[in-house]
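Structural overview
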Amino acid sequence: MCAKELILPKHYENKLDFTTTEIAIKYVKDLFEKRLAHHLNLMRVSAPLYVLADSGLNDDLNGVERPVCFDMKELGKEVTIVHSLAKWKRMALARYRFTCGKGIYTDMNAIRRDEQLDNLHSTYVDQWDWEKIIDPSERNVETLRYCVMQVMKALKETEKELSIVFENLEPFIKEEVYFITTQELLERYPDKTVKQREYEIVKEHRTVFLMQIGDRLSDGSVHDGRAPDYDDWSLNGDILIYYPLLDCVVEISSMGIRVNEEVLLEQLQKAGCMERAQLPFHQQLLHHELPQTIGGGIGQSRICMLLLNKAHIGEVQVSLWDEETLALCKQHRIHLL
């Protein structure tokens, strides 16, 4: 971490002591996942920490992050710590014989060794990964928007309940969502960088769902990287929330309608990685053995950080930080776990 990149709010007040923070973290996680399961019709399941390296199941994120790998003695094969469970969940829904309109969620824990550390990023990642089956006729923006609004409804209900139990916390999240595509955002702010565009639109509307991430824009650029083999780049997006404490944008969720057979081949071609089509997951999809789904990941520590009015993700999860960061945080009354 480059400590100078830290956001250190002036006159920061840590509203919950250590014990109360731990109690509140448990409260947030228990309540939010129940509300999420209710609004999206999801059932909790167990999930893997690692998968076979040659299965095609791991999420390649932007294609440059290195997964943590090790060999299993008994199998004689290499396995990788998951980056996310985007593809595993789809296979699980098929294996568990779920039907249309029903889905699953799970606790996903990951190690992202190449993460650039700051107030919002840690090498330890914990999120709720969820996935549900939809009918092929529901592969449209309306389905995507509906699921986004259900996630926000669960979040706002959690925040409201939390503020009753912990009275000194300040609710600030806006449930109403402003929807905009990456192309529309480029046209609105053509002279700004990607992060500057996001900041401007989120500062104005408070809660934004930024759609269509992964494909090239009209100027030839890509707003942000997305693996080509799970989200349909025309039917995905990120939920972005303005966090007044840090005066910044916080992405709490990446989600989307998943690729079908045609879109998979199209996006693999665009990404220049057609060889992936031979991997087990991709073969199952191409042979019509997997259901059509929508799903995403929701950051657990980020949700806790926001709802508990914390200045650093290390206040709600245990990870590793450099000595300069530890000293600066202590100096500014930011108590890392």
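Residues numbered from 1 in each chain as written. Predicted model: local features only at pLDDT ≥ 70, side-chain atom pairs only at ≥ 80, totals over all residues. Heavy atoms only, no water.

To continue, consider the pattern of salt bridges. Inspection of the entire model under this criterion finds 20 salt bridges. Across the salt bridge formed by Asp-129 and Lys-89, the nearest N and O atoms sit 3.0 Å from each other. With Asp-129 in strand β6 (residues 124–133) and Lys-89 in helix α2 (residues 86–95), this pair connects stretches of sequence that are 40 residues apart. Note that Lys-270 and Asp-215 form a salt bridge whose closest N and O atoms lie 2.7 Å from each other. Taken together, the positions of Lys-270 in helix α6 (residues 261–271) and Asp-215 in the loop between β8 (207–211) and β9 (231–243) put the pair 55 residues apart, joining distant regions of the chain. With relative accessibility at 46%, the residue Lys-270 sits in the partly exposed group. Beyond isolated ion pairs, a larger network of salt bridges with shared partners links Lys-89, Asp-129, Glu-131, Asp-231 and Arg-258. (Salt bridge = Lys/Arg side-chain N within 4 Å of Asp/Glu carboxyl O. Helix = DSSP H or I, 4+ residues; strand = E, 2+ residues; numbered from the N terminus. Buried < 20%, exposed > 50% of the residue type's maximum accessible area, 1.4 Å probe, protein only.)

We now examine the pairing of strand β5 (residues 103–111). Here strand β1 (residues 42–44) runs beside β5; their pairing, made up of three bridges, is parallel. In the strand pairing of β5, Leu-42 is matched with Gly-103. (Pairing = 2+ DSSP bridges.)

Right, let's get into the packing of helix α1 (residues 18–40) against helix α3 (residues 141–165). For the pair α1 and α3, interaxial distance at closest approach is 9 Å and the crossing angle is 145°. As α1 packs across α3, the resulting crossing turns out to be right-handed. Judged by residue contacts, Tyr-27, Val-28, Leu-31, Phe-32, Arg-35, Leu-36, His-39 and Leu-40 of α1 engage Tyr-146, Cys-147, Gln-150, Val-151, Lys-153, Ala-154, Leu-155, Glu-157, Thr-158, Glu-161, Leu-162 and Val-165 from α3. Here the residues of the contact of α1 with α3 are counted per class, giving 13 nonpolar, three polar and four charged. (Axes fitted to C-alpha atoms, helices over the stretch in contact; angles between N-to-C directions. Left-handed = near helix turned anticlockwise from the far one by under 90°. Contact = heavy atoms within 4.5 Å. Nonpolar A, V, L, I, M, F, W, Y, C, P; charged D, E, K, R; others polar.)

With that settled, consider the packing of α1 against helix α8 (residues 300–307). Where α1 meets α8, the closest approach of the two axes is 10 Å, and the angle between their N-to-C directions is 120°. Of the possible angle classes, the one that applies to α1 and α8 is oblique. Remark: the crossing between α1 and α8 carries right-handed chirality. Taking contact as the criterion, the partners of Ile-25, Val-28 and Lys-29 in α1 are, on α8, Gln-300, Ile-303, Cys-304 and Leu-307. Classifying every residue of the contact of α1 with α8 gives five nonpolar, one polar and one charged. (Parallel < 35°, antiparallel > 145°, perpendicular 65-115°, else oblique.)

Once that is clear, we can look at the packing of aromatic side chains. Summed over all chains, the structure comprises seven aromatic pairs. Between Tyr-27 and Phe-166 the ring centres are 6.1 Å apart and the planes differ by 80°, which places this aromatic pair in the edge-to-face class. Here Tyr-27 is found in helix α1, whereas its partner Phe-166 is found in the loop between α3 and β7 (178–181), with 139 residues between them in sequence. Here the basic side chain of Arg-145 rests over the ring of Phe-179, its NZ or CZ set 4.0 Å away from the ring centre. (Phe/Tyr/Trp six-rings, centres within 6.5 Å; stacked < 30°, edge-to-face > 60°. Lys NZ or Arg CZ within 6 Å of the ring centre and 35° of its normal.)

By definition, a disulfide is the covalent link that joins the sulfur atoms of two cysteine residues. Under the criterion given, the structure shown has zero disulfides. Between Cys-273, a cysteine without a disulfide, and Cys-69, which holds the nearest cysteine sulfur, the sulfur-to-sulfur distance is 18 Å. Residue class for Cys-273 comes out buried when judged on its relative accessible area of 6%. (Disulfide = S-S within 2.5 Å.)

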